[in-house]
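# Structure at a glance
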Amino acid sequence: MEKNSRYADNENRVGFYPREFYVFCNFSSFAVEWKGVLYMTSEHAYHSEKFEDEEMKKMIRNTRSAHDALQFAKANKDRWRKDWHDVKVGIMEQIVRVKLSQHPYIMKKLKESGNKEIVEDSWRDDFWGWGENHDGQNMMGKIWMKIRKEIYE
């Protein structure tokens, strides 16, 4: 695949930013019950975990879109929990597992991905996705593949 190609899809790989496998994306419209509270998206749940203050969590929960949840969290970066960068991957994995357990359609799509590499082919994010140069860490894809492997074992 061309290095500059925006999408990851081919016979060996599925991308999810956005297209057929968009359900894997935290911005997709699947509500998540997280820690006894309903969030509009897994993106909302993830950003709420950046804060220890319950009022901040409530404000995230009340944002009207995943994008708004992200922007609110960014605007309040000075109030993030001190250990955020140490715990964020583990928290994301927990939220992905909860999302998967609450939505059979997402489980169906995960199984349909077969043994293909799963890539968050976001050109904007080289930590959770593959980034502009397609050499990012793809942590979201790795989480989904880890869980898929566990399902098949």
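Up top you'll find the structure we're talking about.
Residues numbered from 1 in each chain as written. Predicted model: local features only at pLDDT ≥ 70, side-chain atom pairs only at ≥ 80, totals over all residues. Heavy atoms only, no water.

### Overview of the pattern of salt bridges
Scanning the entire structure with this criterion turns up twelve salt bridges. Arg13 is paired through a salt bridge with Glu117; the nearest N and O atoms lie 3.1 Å apart. Here Arg13 is found in strand E1 (residues 13-15), whereas its partner Glu117 is found in strand E4 (residues 117-119), with 104 residues between them in sequence. Accessibility expressed as a relative area gives 18% for Arg13, which makes it buried. In this structure, Lys149 engages Glu153 in a salt bridge whose closest nitrogen and oxygen atoms are separated by 3.5 Å. (Salt bridge = Lys/Arg side-chain N within 4 Å of Asp/Glu carboxyl O. Helix = DSSP H or I, 4+ residues; strand = E, 2+ residues; numbered from the N terminus. Buried < 20%, exposed > 50% of the residue type's maximum accessible area, 1.4 Å probe, protein only.)

### Quick notes on the packing of helix H4 (residues 84-102) against helix H6 (residues 139-152)
Working note: a packed helix pair is described by the angle between its axes plus the distance between those axes. Following both chains from N to C, one finds H4 and H6 inclined at 55°, their axes separated by 10 Å at the closest point. One finds that H4 runs oblique with respect to H6. Along this stretch, H4 crosses H6, giving a crossing that reads as right-handed. Taking contact as the criterion, the partners of Val89, Met92, Glu93, Val96, Arg97 and Leu100 in H4 are, on H6, Met139, Met140, Ile143, Trp144, Lys146, Ile147, Glu150 and Ile151. (Axes fitted to C-alpha atoms, helices over the stretch in contact; angles between N-to-C directions. Parallel < 35°, antiparallel > 145°, perpendicular 65-115°, else oblique. Left-handed = near helix turned anticlockwise from the far one by under 90°. Contact = heavy atoms within 4.5 Å.)

### Regarding the packing of aromatic side chains
In total, this model carries six aromatic pairs according to the counting rule given. Here a set of aromatic residues connected by ring pairs shows up, and it is made of Tyr46, Trp84, Phe127 and Trp128. Geometry around Phe127 places Lys88 over its ring, the cationic atom sitting 4.4 Å from the centre. (Phe/Tyr/Trp six-rings, centres within 6.5 Å; stacked < 30°, edge-to-face > 60°. Lys NZ or Arg CZ within 6 Å of the ring centre and 35° of its normal.)

### Considerations on the side chain of Asn26
Take Asn26: it is sitting in the loop between E1 and strand E2 (32-34). Its relative accessible area of 6% is what places Asn26 among the buried residues. Separated by 2.7 Å, the side chains of Asn26 and Ser42 make a polar contact. (Polar contact = N/O pair within 3.5 Å; in protein donor to acceptor, adjacent residues only side chain to side chain.)

### Re the nonpolar core
Judged by nonpolar contacts, the single largest core of 36 residues is most densely connected at Phe16, Phe24, Trp128 and Trp144. Of all the secondary-structure elements, those providing two or more residues to this core are E2, helix H1 (42-48), helix H2 (54-61), helix H3 (66-75), H4, helix H5 (104-112) and H6. Excluding residues within four positions of it along the chain, Phe24 makes contact with Phe16, Lys99, Ile106, Lys109, Leu110, Ile118, Met140 and Trp144. (Core = buried A, V, L, I, M, F, W, Y, C linked by side-chain atoms within 4.5 Å.)

### A short note on H4
With 19 residues, H4 ought to run about 27 Å at 1.5 Å a step, and its terminal C-alpha atoms sit 25 Å apart, in line with that. Considering bend angle alone, the principal kink of H4 is centred on Gly90 and spans about 25°. For H4, the full list of buried residues reads Trp84, Lys88, Ile91, Met92, Glu93, Ile95, Val96, Val98, Lys99 and Leu100. Packed against the buried residues of H4 are E2, H1, H5 and H6. (Expected span 1.5 Å × (residues − 1). Bend = angle between axes of the 7 residues up to and from the residue.)

### Considerations on the packing of H4 against H5
For the pair H4 and H5, interaxial distance at closest approach is 5 Å and the crossing angle is 105°. When the axis of H4 is compared with that of H5, the two are roughly perpendicular. Residues Lys99, Leu100 and Gln102 of H4 form the contact with H5, whose own contacting residues are Pro104, Ile106, Met107 and Leu110. Residues belonging to the contact of H4 with H5 are distributed by class as follows: five nonpolar, one polar and one charged. (Nonpolar A, V, L, I, M, F, W, Y, C, P; charged D, E, K, R; others polar.)

### Quick look at the environment of Glu55
Counting through the fold element by element, Glu55 comes out in helix H2. Glu55 gets classed as partly exposed once you look at its relative accessible area, which sits at 44%. Here the alpha-carbon distance between Glu55 and Leu70, two residues 15 residues apart in the chain, equals 16 Å.

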